Amino acid sequence: RLHGSDVQQTYPGKNDLYWIGDKKPVQHADPELHGFILELWPDARFIHVVRHPCAVYQSIQAAKKNWTTVPEYWKGDDTDIFGRWLRHERWVLDAMESLGGAGFSLRYEDIVARPVEELQRCFDWLDLDIGPDVRSRIAAMLRRPNSANEPMQSMAVIEGLEDMMARYGYGLDGSVRQPD
């Protein structure tokens, strides 16, 4: 939206941007919506950005304090929030398997740490030329996240959560390492 929304303020300088993005696994990985997208665009390709669930949780906690409207599951306890992250990632894995190569995953932390290199990998996968002007703009416009994947005092015990986190190189202590 040009003037922001109930949950997001207008981005200053938006007219100078080539692109803008956000993490939205639910909308595209939801089995019902995913099927609908593929019916309309059978050759669609999907880019999956995953983020450490501790950082997701902390971002949700900060947003709950500042946003006037939040999703219902954000109002739940740790089990609800981490359970939702796990469900979304399972949807992604199912969707990726059904796509047969039409899906590409990036870790949010890697994009922040190495934006040009990670987006170069993404552009390569899309068979697009990133070009030197785009590389320099990517490096110049990087905005560090407000939340970090700090260790949690406790995490919900949810079957499959630790395995899914390990798949992406995420530790229960908030750490990020190379995936197995």
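Everything numeric in this text was worked out from a predicted model, so none of it was measured.

Undergrad: Can you walk me through the confidence of the model for the protein chain in this structure?
TA: Caution is warranted with low-pLDDT regions, since their predicted coordinates should not be read in detail. Looking at the protein chain, the pLDDT average stands at 80 and 77% of residues meet or exceed 70. The spread of mean pLDDT over the elements of the protein chain runs between helix α1 (residues 25-29), the lowest at 68, and helix α8 (residues 161-167), the highest at 92.

Undergrad: I tried to follow helix α3 (residues 53-66) on my own but got confused; where do I start?
TA: Side chains that are three or four residues apart share a direction in an α-helix, a result of its 3.6 residues per turn. Across its 14 residues, α3 extends 20 Å between first and last C-alpha, which sits within 8% of the 20 Å expected from 1.5 Å per residue. Taken together, the buried positions of α3 are P53, C54, A55, Y57, Q58, I60 and A63. Tucked inside the fold, the buried residues of α3 contact α4 (78-99) and α8.

Undergrad: Teacher, can you tell me more about the packing of aromatic side chains here?
TA: For any pair of aromatic rings, geometry is given as the distance between the ring centres together with the angle between the planes. Inspection of the entire model under this criterion finds five aromatic pairs. When the ring of Y57 is compared with that of F82, the centres are 5.2 Å apart and the planes differ by 10 degrees; the resulting orientation is stacked. Here Y57 is found in helix α3, whereas its partner F82 is found in helix α4, with 25 residues between them in sequence. Aromatic side chains Y168 and Y170 sit 6.2 Å apart centroid to centroid with 40 degrees between the ring planes, which places their arrangement in the tilted category. In terms of burial, Y168 and Y170 fall into one category: buried. Among the aromatic side chains, those forming a connected cluster through ring pairs are W85, Y168 and Y170.

Undergrad: Help me understand the packing of α3 against α4 in this model?
TA: For any two helices packed against each other, the geometry comes down to the angle between their axes and how far apart the axes lie. One can describe the packing of α3 onto α4 by two numbers: an axis separation of 10 Å at closest approach and a directional angle of 130 degrees. Classified by the interaxial angle, the pair formed by α3 and α4 is oblique. Here α3 and α4 pass one another in a crossing that is right-handed. Mapping the contact onto sequence places P53, C54, V56, Y57, I60 and Q61 in α3 and D78, I81, F82 and W85 in α4. Across the contact of α3 with α4, the residue classes tally to eight nonpolar, one polar and one charged.

Undergrad: So what exactly am I meant to see when it comes to the pattern of salt bridges here?
TA: Side chains that differ in charge, positive against negative, can pair when their charged atoms come close. Enumeration according to the criterion identifies five salt bridges in this entry. The partner of D110 in a salt bridge is R107, and the shortest N-O contact between them spans 2.9 Å. The same class applies to D110 and to R107, which are both buried. The closest approach of N and O atoms between D110 and R114, which form a salt bridge, is 3.4 Å.

Parameters and conventions
- What you see as residue numbers is a count from 1 along each chain, following the sequence as written.
- It should be noted that, the model being predicted, local features are given only for residues of pLDDT at least 70 and side-chain atom pairs only at 80 or more, the latter also being counted only at that level, while totals for whole chains, interfaces and linings use all residues.
- Hydrogen atoms and water are omitted, and side-chain values are computed over all heavy atoms in the structure.
- For every residue, the predictor reports its confidence as pLDDT, a number between 0 and 100.
- Note on conventions: DSSP H or I runs of at least 4 residues are helices, E runs of at least 2 residues are strands, and numbering of each starts at the N terminus.
- A helix is expected to span 1.5 Å multiplied by its residue count minus one.
- For the exposure calls, accessible area comes from a 1.4 Å probe over protein chains only, and a residue counts as buried if that area is under 20% of its type's maximum, exposed if over 50%, partly exposed in between.
- Note on definitions: a residue-residue contact is assigned when non-hydrogen atoms from the two residues lie within 4.5 Å.
- Geometry of aromatic contacts follows a simple scheme: Phe, Tyr and Trp rings, the Trp one being its six-membered ring, pair when their centres are within 6.5 Å, and the pair is stacked under 30 degrees between planes, edge-to-face over 60, tilted otherwise.
- Fitted lines through C-alpha atoms serve as axes, helices being fitted only where they are in contact, and the angles separating the N-to-C directions of these axes extend from 0 to 180 degrees.
- Put simply, angles under 35 degrees are roughly parallel, angles over 145 are roughly antiparallel, angles from 65 to 115 are roughly perpendicular, and the rest are oblique.
- Throughout, a crossing is termed right-handed when the near helix is turned clockwise from the far one, and left-handed when it is turned anticlockwise from it by less than a right angle.
- Ten residues, namely Ala, Val, Leu, Ile, Met, Phe, Trp, Tyr, Cys and Pro, are considered nonpolar, four, namely Asp, Glu, Lys and Arg, are considered charged, and the remaining ones, Gly among them, are considered polar.
- Just to be clear on terms, a salt bridge is a Lys or Arg side-chain nitrogen sitting within 4 Å of an Asp or Glu carboxyl oxygen.

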